[in-house]
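As a plain string of letters, each chain reads:
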Amino acid sequence: MTPPAAASAAAIRTDDPTTDPAAATAAAADSPAPAPTGLPGNGDDDPDERTAAATPAASVPPAARFTRPGGMFSSLRVRNYRYYFAGQVVSNTGTWMQRIAQDWLVLSLTGSPFAVGITTAMQFLPMLLLGLFGGVLADRMPKRRLLICTQGAMGLLAAGLAVLTIGGVVTPYYVYVFALLLGLVTVVDNPTRQAFVSEMVGPKDLANAVSLNAANFQTARLVGPAVAGLLIAAVGSGWAFAVNALSFAAVIGGLLAMRQSELRPIEPIARQKGQLREGLRYVKERPELLWPMVLAGFIGTFGFNFPTLLSGFAYDTFKVGAGQYGLLNTAMAVGSLAGALLAARRGVPRLRRLVAAALAFGMLEVVAAFAPGYWTFAVLLTLIGVFGLSFNTSVNATLQLATDPEMRGRVMGLLVLVFTGGTPIGAPVVGWVTASYGPRLGLLACGAVSALAAVTVGLVLARSADLRVRVDLHPGRGGRVVAFVPRTTAPARSELAAAC
């Protein structure tokens, strides 16, 4: 098996038609000329799309990655991804509308913020308990077909909740049940969506597509709550659920409209015992997968607890109203959107960049804990959003690019598990600290844990890759003041060093 960390060798592969003129001539001679599609310049004539069917993704080793970025929106040149992206714009907006409407509905029915917390826990609990099995299913089944099923199920759940709410028969227990069912569907949908990106765009544009997906989600985070607020005030929460149900038609329509010949499908694995353990063993044996996964677990469990923390800062620390509280969420969403777009401009994700983003994220949380005023805190939240989203996209793209295609669903399922499945564990702990000692200490603890995890993982990776830190106060033209350089040239460790 080709070691996943051999990404740096992609630029000098001699069997790659894009880097070897002789191979390009031979490939052109052996392959039938594809029929032209679309209009020149509109992205439909992308040579990567036309030859996708002739190059099964399973035959491309993990090392076959792109070597330079192709622009902030390069993955939108791929027709299938454009359809998917457009559908997600609509669906993500509807999803954020439902989140706001669901919390407001439970709060209006019970008058208890604790009941809202139960709803959130019911939605995330399936991921904690069953997240790994979702990744196994993603590897066993055709991902496009599976996504059509999961997105349809989510639309039906939203429609059912809309009918109960508009009909005036909804109770908190109904909402709990629907939240639990939605969480069960998400267990399968989330890793499948993550792994399906590579089948649409291929390794060259994978990191860019992951970043654009994040930008898509953050844009919806800005628009969806505002639309939901207007809709709830005008006609009630039930109609927000109904709009979300309709929004899934956009995603399903985009999936159905894709050209299957331009996808890079991974051959589903046959069902057999031990596939879950195989996935865990696969990650355990590869430090370039294991340690970013560990770091994602700490960041997701402790670093991303903003619903609890921001409400505490708004009401207890700065004593502002609902409008200013909403502005704090908006500031963070703006930073996250900026972080996603900046990530889309970068090329191959590196482990050092991932660790640096996590460290900056944690340190900014520590600084924000001591913010003297509301506006200083809001500015710091924007920066936290930038580095938090940069870490999210880096860890996602890094793990996908370093994973063999037949294992990608299980690896992404594990990532979703450690990153979001820790919420039912971290949220109560952070909530207890915040309630007992105040939001400043709560945010300080979250930032300190995140920063310490980043430093620890960075040192472990450097040691595993046999790297050391070199500080050169006079680096000269094009040099770096701080750089990681190998201690030795041991071939067993050179590939991990290249990934760092």
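Nothing here was measured: the structure is a model prediction, and the numbers come from that model.

A.B. asks: What exactly am I supposed to notice about the overall build of the protein here?
C.D. replies: A tally of helices and strands in the protein yields 18 helices and 2 strands. Looking at the protein as a whole, 49% of its 500 residues qualify as buried. Approximately 22500 Å² of the protein is accessible, and the part contributed by carbon and sulfur atoms is 67%.

A.B. asks: Is there a simple way to explain the pattern of salt bridges in this structure?
C.D. replies: Side chains carrying opposite charge are able to pair once their charged atoms draw close together. Enumeration over the complete set of coordinates arrives at 6 salt bridges. A salt bridge links Arg410 to Asp139; the nearest nitrogen and oxygen atoms lie 2.8 Å apart. Separated by 271 residues along the polypeptide, Arg410 in helix H15 (residues 408-420) and Asp139 in helix H4 (residues 113-140) bring together distant segments of the chain. For the pair Arg410 and Asp139, one class covers both residues: buried. Two residues, Arg259 and Glu262, come together in a salt bridge whose shortest N-O distance is 2.9 Å. Residue class for Arg259 comes out partly exposed when judged on its relative accessible area of 25%. Residue Glu262 is classed as buried on the basis of its relative accessible area, which comes to 7%.

A.B. asks: What is the right way to look at the side chain of Ser237 in this model?
C.D. replies: Within the fold, Ser237 resides in helix H8 (residues 237-256). Residues contacting Ser237, with those up to four places away along its chain left out, are Ala101, Trp104, Leu105, Thr165 and Ile232.

A.B. asks: Explain the side chain of Ser336 here, please?
C.D. replies: Tracing the backbone through its elements, the reader meets Ser336 in helix H12 (residues 322-345). Beyond its immediate sequence surroundings of up to four residues, Ser336 is in contact with Gln218, Arg221, Gly385, Val386 and Leu389.

A.B. asks: Please explain unusual backbone geometry as it appears in this structure.
C.D. replies: For residues besides glycine, phi is generally negative; the peptide bonds are generally trans as well. Not every positive phi belongs to a glycine, and Lys319 is a case in point at roughly 55°. Within the element layout of this structure, Lys319 appears in the loop between helix H11 (306-317) and H12.

A.B. asks: Sorry if this is basic, but what is going on with the nonpolar core here?
C.D. replies: One broad trend across soluble globular proteins is that nonpolar side chains are buried collectively. Within the largest apolar cluster, 51 residues are counted, with the highest numbers of intra-cluster contacts made by Leu295, Phe377, Ile384 and Phe391. For this core, the secondary structure elements donating two or more residues are helix H9 (275-284), helix H10 (287-303), H11, H12, helix H13 (351-368), helix H14 (374-401), H15 and helix H17 (439-464). The dominant element in this core, judged by the number of residues it contributes, is H14, at 9 residues. Contacts of Leu295, omitting those with residues within four sequence positions, involve Leu354, Val355, Ala358, Phe391, Ala453, Ala454 and Val457. Met97, Ala115, Leu161 and Ala240 belong to the second-largest nonpolar core, a separate cluster that totals 23 residues.

Criteria and thresholds
- Residues numbered from 1 in each chain as written.
- Predicted model: local features only at pLDDT ≥ 70, side-chain atom pairs only at ≥ 80, totals over all residues.
- Heavy atoms only, no water.
- Helix = DSSP H or I, 4+ residues; strand = E, 2+ residues; numbered from the N terminus.
- Buried < 20%, exposed > 50% of the residue type's maximum accessible area, 1.4 Å probe, protein only.
- Areas by Shrake-Rupley, 256 points an atom, 1.4 Å probe, with all protein chains shown as cover.
- Salt bridge = Lys/Arg side-chain N within 4 Å of Asp/Glu carboxyl O.
- Contact = heavy atoms within 4.5 Å.
- Core = buried A, V, L, I, M, F, W, Y, C linked by side-chain atoms within 4.5 Å.

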